[in-house]
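Examination of the molecular architecture
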Amino acid sequence: MPRQKLRDAAFILPFFGLILIMPPFVDIFFSTRLLGGIPGILLYIFGVWTMLIVLGAILSRRLITDGDAAETPPRPMQPPPQQERPDADR
Amino acid sequence: MLTADVVVTIALCYVGLLFLLAFLSDRWSRRGNNWIRNSPLLYTLSISVYCTSWTFYGAVGSAARNGLEFITIYLGPTLVFLGWWYLLRKLVRIGHVNRISSIADLISSRYGKSNTLAVIVTLIAVIGTTPYIALQLKAVTTSFEVVSGGRGDLLGNLSGDGTGFDAALWVAVGMALFTILFGTRNLDANEQHPGVVAAIAFEALVKLLALLLVGLYVVFSFGGLENLFSEEMSKRLLERENVFGSRWAVLTFLSATAIICLPREFQVTVVENARESHLRTAGWLFPAYLLLICLFVLPIAAAGLTRLPEGANPDMFVLTVPMAGNQEMLALFAFIGGFSSATSMVIVACIALSIMISNHIVMPVVLRLRWLGLYDSGDLKTLVLFSRRFSILLILFLGLLYYRLSAQTEALAAMGLIAFAGVAQFLPSLLAGLYWRQATARGAKLGLIAGVLLWAYTLLLPSLAEDGTFFADTIAHGLFGLEMLRPEALFGLTGFDPLVHAIVWSLTANTALLIAGSLFSEMAPLERLQSALFVDAFRNAPGDESRALVRSAAIDDLRLLSRRILGSDKADRLFLDFAQRQGRDDGVPVADNAFITHLERQIGGNVGAASARVMISEVVSGETISFDEIIRMVDETQQVIEYSQALEANSRTLHQTAAQLRQANQRLMRLDNEKDDFLSQVSHELRTPMTSIRSFAEALLKADEMPAAQAKRFMGIIHDESLRLTSLLDDILDLSHLESGEVRWQVEHLDPESAVTNAIAACEGLATETGVVITCTPSAAGPVVEGNRDRLSQILINLISNAIKYNDSPDPRVHVACEVHSDGWQVHVRDNGPGAGDVEPDQLFSKFARGWRQIAKGRSGTGLGLAISAEIARRHGGELALTETSDNGSCFTLTLPLAP
């Protein structure tokens, strides 16, 4: 995926999660019936949660390889490199 | 049986372990071993200081009382961390670049290094955190009593009333000692504490493990989940009225806010962050940690409700469930887990608050009240450290006091959410500061003050009044007896949960005033500069603001100041480094704008941006903030974006242009070849008649007695050859005129078949000479085309004469047929000659192209006729083509459009 699309996906992910855990969606899946000994609503919430974590991990990894060139150097920083501004050609 | 002695001994051993761990980590890190700072795992674990004993014990209690609601407290932070790329990364970047030491420092820095704002934020943080610390002390005490059953022989006498060991006091003392030892060991420009981080990361593992073990025990002791959750239990736990109502949404929002705004969270996430890339791991690992913490909460709650008698305190299920199953070691481990979660919160909260208090309250006082003589007394570094230590003691004392005053009430349990709501007041100023350029200090102040007042009135006050001793009247009937002002139904807003009610009022007022205040107030120049630095954190190069901030100072004054705050060693190293960067050999940097700005940041990392600014202002002179430069900085970031877009568009255009140029170049090369071909052919063709003319002329000149008849024949040959040469030159000229479009001829409406008749008549002589029979079939209709009669005749004469000349058949015939088609008028000139052979049609019509000579071999004619004819046809909008060719003859077809 191109970098911009990855970033857009990273932006959307929390909102996607929010929609899934907020009414009306969470209401649809509200059930105290047991599925394999676990109440249905718990399965839904933990399922959504796990999916979000997996998606987040994949995105984080992709955003790594995609690279952010402007990664700050670790603290403590050396005095910041004095950047030459292109003032001369203004 | 567990006794108080055993529990205390174990707890002391555990604390000893923590001290050892912190001590070793600190030592490693000072020796340059950076594995703690470099580990994203330890970073993530340290963030889990979010899970206090309020989580460890309280989540199960909340689940037993309110069902699913507890999970919102963990879903909010999950969402924030999943979106780390946008919010947290920006916070961490700003924190790194600007040496931010606390959330108060961040907000104050952004709004023009305003100390007033820093004080407001610090006070809110202290008000919100003190009860939270009290809550931790209470949790430790209660859990201690539960796990030891109040049985203590050795320690029974230590507390005054003999009822038990005063755990709260001793925990407070222990934590104060730990925090002072490892939190204020030295003054670090980054406010990072590797020893503390290592200890709380370890504690994070202990509490997670303890909770998981209790959970697994519960599941196995019941023989699986299916025995734990009956349909009845599932309904009892989960089925509540309106589970996913406004409270669900507000709690999720509050917890999402808290993970950013809680002072301790800001400390571990932003201030203690060593590398921005750690967020990549924390972004998903911290949500995973929270999920694991929540995994067994409901099973433990269900077990407690099933196994323990009615009326047992659900907040202690984590301890009492294993104890009911006689699992004392497990209970002890669970106690240590709860102890871990309480202590780690207390430690980090104390560090964060002590930094805020010393930087934003103590230092400004020292700086303002000169008559105290503290500022001028020399070593400011010791003063800062001293004020940190004092602040830690003060905070813990306040926590202890609050615990003592309210321990008997139920008020503490609700304190967690009340504290969340308090720190949530930071959110509008924080977000506006990061994303809205025009947010001003005045707006932030108004918003914060209004939000906090409303929070205190609608939420804190009622919680204090819960046992009915204070303010009961105000709660019931409103301030001054005005029903409109009832704290839990302000301005008649009834029917909501008190928490939702308070959040709606306080945050609405906060945000509204922030926006209104910003719209109706001017930004000071420094504010504008800081706003540009924060909002465009990813676009400005570090050190950029030194362009806008013009000032000068004596280097000795700067050295003195930085020695007093950073200590001599650090200050000298800093000066030396900068001198090297400036390329100076004497080790003394020039006090230019860049250096002063750099120094101010370093000092700000220690004492906060606002105080650092005051101190630097004392020694600099002639400070001006260049408005133009600020505008330019903002503009430049805009320009960079536009520039890169323009660059992208340009490169696309360049790409297309290059492709077109390549095509054009290929065409030119082909044309160049053709031209070379043409030139060599032309010179060859001109040379042949010239050679024969010259040789015959020479023969005539040399031979004096040539018979007259022979001389005449020679002269005839010379004449013929010059005629051929002339016609060749005429043809070349004609063609070149045609091709360059210089020839203009008269255009008229004419019947093309009259041109056919003319042409046949013109070729009659040649035909009779060679014995060729010409037949013609005109079309039935009288077609009209637009064109020049002579030129059309020229084409047809050329075609017919070619057909005659090259026809070597024993019974030579040429047939000219005219017809009218839908696409125009056509004339076919067909012969029964040898055909054109395997010559390519387009070569046939090109001037002197290769292959031309093969057709024209040994025959008269210039070889340009077909090229000229094709050009004329093209100029008439028509086409000349070789439509058939074989050994039995060929057929040329001329097509012309009919006149409209």
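Residues numbered from 1 in each chain as written. Chains lettered and ligands numbered in written order. Predicted model: local features only at pLDDT ≥ 70, side-chain atom pairs only at ≥ 80, totals over all residues.

Remarks on the overall build of chain A
Where we set the bar: Helix and strand definitions here come from DSSP, where helices need a minimum of 4 consecutive H or I residues and strands a minimum of 2 consecutive E residues; each element is numbered from the N-terminal end. Buried residues are those with 20 or more other C-beta atoms within 10 Å of their own C-beta, exposed residues have 12 or fewer, and partly exposed residues lie in between; C-beta atoms are placed from the backbone.
Broken down by element type, chain A carries three helices and two strands. N-terminal to C-terminal, the α/β element order of chain A is α-α-β-β-α. Evaluated residue by residue, chain A yields a buried proportion of 19% over its 90 residues.

Describing the overall build of chain B
Basically, it comes down to this: Placing a C-beta atom from the backbone of each residue, one calls two residues in contact when those atoms lie within 7 Å.
If you tally the helices and strands in chain B, you get 37 helices and nine strands. Looking at chain B residue by residue over its 900 residues, the buried ones come to 48%. Long-range contacts, defined here as pairs at least 24 residues apart, represent 81% of the contacts in chain B between residues at least 6 apart.

Quick notes on the confidence of the model for chain A
Predicted coordinates in areas of low pLDDT are best not read in detail. Threshold: Note on scores: pLDDT gives the predictor's confidence for each residue, bounded by 0 and 100.
Summing up the model confidence of chain A, the mean pLDDT is 72 and the portion of residues at 70 or higher is 69%. Here strand 1 (residues 34–35) of chain A is the element of chain A with the lowest mean pLDDT, 76, and helix 1 (residues 3–21) of chain A is the one with the highest, 88.

Quick word on the interface of chain B and chain A
Listed as interface residues are 46 residues of chain B and, on the opposing side, 41 residues of chain A. Those elements giving two or more residues to the side of chain B that touches chain A turn out to be helix 6 (72–82), helix 7 (87–98), helix 12 (225–228), helix 13 (231–238), helix 16 (278–295), helix 28 (568–581) and helix 29 (593–607) of chain B. Top element by residues in the side of chain B that touches chain A is helix 16 of chain B. It accounts for six residues.

Re the nonpolar core
Residues and elements named next belong to chain B. Put simply, the rule is: Under the definition applied here, buried Ala, Val, Leu, Ile, Met, Phe, Trp, Tyr and Cys residues are grouped into a nonpolar core through C-beta atoms within 7 Å.
Of all hydrophobic cores here, the largest spans 230 residues; its most connected members are I300, V318 and A421. Per element, the largest residue contribution to this core is 23 residues, and it comes from helix 19 (residues 328–368). If sequence neighbours within four positions are ignored, V318 has contacts with F56, Y57, V60, V214, I300, A334 and G338. One finds A755, A759, A867 and I872 within the second-largest nonpolar core, a separate group that totals 34 residues.

What to know about the pairing of strand 6 (residues 813–821) of chain B
Residues and elements named next belong to chain B. Under the convention used in this document: Here, strands pair whenever DSSP counts at least two bridges between them.
Where strand 4 (residues 773–777) and strand 6 come together, five bridges link them in parallel fashion. The partner of T777 across the bridge, within strand 6, is A817. Pairing between strand 6 and strand 7 (residues 824–831): eight bridges, direction antiparallel. Note that in strand 7 the partner of H821 across the bridge is G824. Adjacent in sequence and paired antiparallel, strand 6 and strand 7 are bridged by two residues.

Points about the pairing of strand 7 of chain B
Pairing of strand 7 of chain B with strand 9 (residues 889–896) of chain B involves six bridges; the strand directions are antiparallel. Bridge assignment links W825(B) to a residue of strand 9 of chain B, and that residue is L896(B).

What to know about the environment of S801(B)
All names here are of chain B. Secondary-structure assignment places S801 in helix 34 (residues 789–805). By the C-beta count within 10 Å, which is 19 here, S801 ends up partly exposed. For the pair S801 and I760, spaced 41 residues apart in sequence, the C-alpha to C-alpha distance is 9.1 Å. Setting aside residues up to four positions removed in sequence, S801 forms contacts with C763 and L766.

Remarks on the packing of helix 23 (residues 441–464) of chain B against helix 25 (residues 498–519) of chain B
Residue and element names in this part refer to chain B. Convention followed: Axis geometry follows a simple rule: fit a line to the C-alpha atoms, using only the stretch in contact for helices, then measure angles between N-to-C directions, giving values from 0 to 180 degrees. Each angle is binned into one of four classes, with values under 35 degrees roughly parallel, values over 145 roughly antiparallel, values of 65 to 115 roughly perpendicular, and all other values oblique. Handedness of a crossing is defined here by the sense of rotation of the near helix relative to the far one, left-handed for an anticlockwise turn of less than a right angle and right-handed for a clockwise turn. Classification used: nonpolar for Ala, Val, Leu, Ile, Met, Phe, Trp, Tyr, Cys and Pro, charged for Asp, Glu, Lys and Arg, polar for all others including Gly.
One way to put it is that helix 23 packs onto helix 25 with a least axis distance of 7 Å and a crossing angle of 165°. On the basis of their axis angle, the class for helix 23 and helix 25 is roughly antiparallel. Judged by the twist between their axes, the crossing of helix 23 over helix 25 is right-handed. Its residues assigned to classes, the contact of helix 23 with helix 25 shows 17 nonpolar, 10 polar and one charged.

A closer look at the packing of helix 11 (residues 194–221) of chain B against helix 16 of chain B
Each packed pair of helices is defined by two parameters, the angle between the axes and the distance between the axes. All names here are of chain B. Between helix 11 and helix 16, the shortest axis-to-axis distance is 8 Å and the interhelical angle comes to 35°. The interaxial crossing formed by helix 11 with helix 16 has left-handed handedness. Together, L208, L211, L212 and G215 of helix 11 and Y289, L292, I293 and L295 of helix 16 make up the contact between the two elements. Residues that form the contact of helix 11 with helix 16 fall into these classes: seven nonpolar, one polar and no charged.

Here's the deal with the environment of A9(A)
Mapping A9(A) onto the fold places it in helix 1. On the basis of neighbour counts, which here come to 17 C-beta atoms within 10 Å, the residue A9(A) falls in the partly exposed class.

Section: the sheet that holds strand 4 of chain B
Residue and element names in this part refer to chain B. With mixed pairing, five strands are arranged side by side in an open sheet as 4-6-7-9-8. Edge strands, defined here as strands with exactly one partner in the open sheet, are strand 4 and strand 8 (879–886). Going from strand to strand, the sheet's axes swing by 15° on average, the running direction of each strand aside. Sheet topology places strand 8 next to strand 9; seven bridges connect them, and they run antiparallel. Paired with L882 across the bridge in strand 9 is F892.

So, helix 22 (residues 426–435) of chain B
Within helix 22 of chain B, seven of the 10 residues are buried, leaving the element largely enclosed by the surrounding structure. Buried residues of helix 22 of chain B: F426(B), L427(B), P428(B), S429(B), L430(B), A432(B) and G433(B), and no others.

Some details on unusual backbone geometry
Following P23(A), the chain continues into P24(A) via a peptide bond in cis, with omega recorded as 5°. Secondary-structure assignment places P24(A) in the loop between helix 1 and helix 2 (25–28). A positive phi angle, close to 55°, is found at R99(B), a residue other than glycine. Of note, R99(B) is situated in the loop between helix 7 and helix 8 (103–110). Since 25 C-beta atoms lie within 10 Å of it, R99(B) is described here as buried. A positive phi is found at N326(B), a non-glycine position, where the angle reads about 60°. Mapped onto the fold, N326(B) is located in the loop between helix 18 (317–324) and helix 19. C-beta crowding within 10 Å serves as the criterion here: with 8 such atoms nearby, N326(B) is assigned to the exposed category.

So, the environment of P428(B)
All names here are of chain B. Take P428: it is sitting in helix 22. The buried category is assigned to P428, around which 25 C-beta atoms lie within 10 Å. It is 9.8 Å that separates the C-alpha atoms of P428 and G451, two residues lying 23 residues apart in sequence.

Considering the confidence of the model for chain B
Residue and element names in this part refer to chain B. Looking at chain B as a whole, its pLDDT mean stands at 82, while 87% of the residues score no less than 70. Of all secondary-structure elements in chain B, the lowest mean pLDDT belongs to helix 36 (residues 852–856), at 48, while helix 6 reaches the highest, 93. Throughout residues 151–164 the model reports pLDDT below 50, and contacts reaching past four residues in sequence, or to other chains, amount to 23 contacts. Across the interface, the model reports ipTM at 0.79; the global pTM reads 0.69.

Re helix 28 of chain B
Residue and element names in this part refer to chain B. The test is simple: The span you would expect from a helix comes to 1.5 Å times its residue count less one. Here the arc refers to the set of directions running from the helix axis out to each C-beta atom.
The first and last C-alpha atoms of helix 28 sit 20 Å apart over 14 residues, in line with the 20 Å expected at 1.5 Å per residue. Those residues of helix 28 not exposed but buried are A571, L574, F575 and F578. Taken end-on, helix 28 shows its buried residues confined to a sector of 95°, consistent with a single buried face. Away from the buried face of helix 28 by more than 90 degrees, exposed residues D569 and R573 are located.

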